[in-house]
Amino acid sequence: AFGLMPQPQPEGVHRLSVQPGSGADNTAIGDLDLPEDAWVSLVIRGGQLVPVQASTTLHAGDETLVLADDDQDGDLAALFTSRG
């Protein structure tokens, strides 16, 4: 409305757990190597919601909801899965 073009929005929702030793483990959300147009919308740690800010650091065991297109699933899995 109001003559503004809407921003393209990701079409998929991905529930990802932060694995120990993954690229997301001990990394601030703002420093994550997320695919373009993907963003973390929710973080749950120990059953509690954690404020999602660029400075929020993810830890192993955190549950996240990431909005991203479905074709980015592999890139997201690589970021949140242990490299070991």
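Here, the structure is the one placed above.
Described below are features of the structure shown in this document.

On to the sheet that holds strand 1 (residues 12-17), then. Strand order in the open sheet formed by 4 strands is 1-4-2-3, with antiparallel pairing between adjacent strands. The open sheet has two edge strands, strand 1 and strand 3 (48-50), and neither has a second partner. Strand-to-strand, the axes of this sheet are offset by a mean angle of 25°, without reference to chain direction. Taken together, the 6 bridges between strand 1 and strand 4 (residues 63-68) define a ladder with antiparallel strand orientation. Bridged to Leu16 within strand 4 is Thr64. Docked against the sheet, helix 1 (residues 73-80) engages strand 1 and strand 4, running at close to 20° with respect to strand 1.

This brings us to the pairing of strand 2 (residues 39-45). Sheet analysis places strand 2 next to strand 4, joined by 5 bridges and oriented antiparallel. Opposite Trp39, over in strand 4, you have Leu67 as the bridge partner. Summarising the sheet, strand 2 and strand 3 pair through 3 bridges and their orientation is antiparallel. Note on strand 3: the bridge partner recorded for Arg45 is Gln48.

This next bit is on the pattern of salt bridges. Under the criterion given, the structure shown has 2 salt bridges. Notably, a salt bridge pairs Arg15 with Glu63, separated by 3.4 Å at the nearest N-O pair. Here Arg15, found in strand 1, pairs with Glu63, found in strand 4; they are 48 residues apart in sequence, far enough to count as distant. According to the relative accessible area criterion, Arg15 is exposed, its value standing at 66%. Here Arg45 and Asp62 are joined by a salt bridge, their closest N and O atoms 2.8 Å apart.

Let us now look at the side chain of Ser22. Take Ser22: it is sitting in the loop between strand 1 and strand 2. A polar side-chain atom of Ser22 sits 2.8 Å from the main-chain carbonyl oxygen of Gln19.

What counts and what doesn't
- Residues numbered from 1 in each chain as written.
- Predicted model: local features only at pLDDT ≥ 70, side-chain atom pairs only at ≥ 80, totals over all residues.
- Heavy atoms only, no water.
- Pairing = 2+ DSSP bridges.
- Helix = DSSP H or I, 4+ residues; strand = E, 2+ residues; numbered from the N terminus.
- Axes fitted to C-alpha atoms, helices over the stretch in contact; angles between N-to-C directions.
- Contact = heavy atoms within 4.5 Å.
- Salt bridge = Lys/Arg side-chain N within 4 Å of Asp/Glu carboxyl O.
- Buried < 20%, exposed > 50% of the residue type's maximum accessible area, 1.4 Å probe, protein only.
- Polar contact = N/O pair within 3.5 Å; in protein donor to acceptor, adjacent residues only side chain to side chain.

By themselves these figures say nothing about function.
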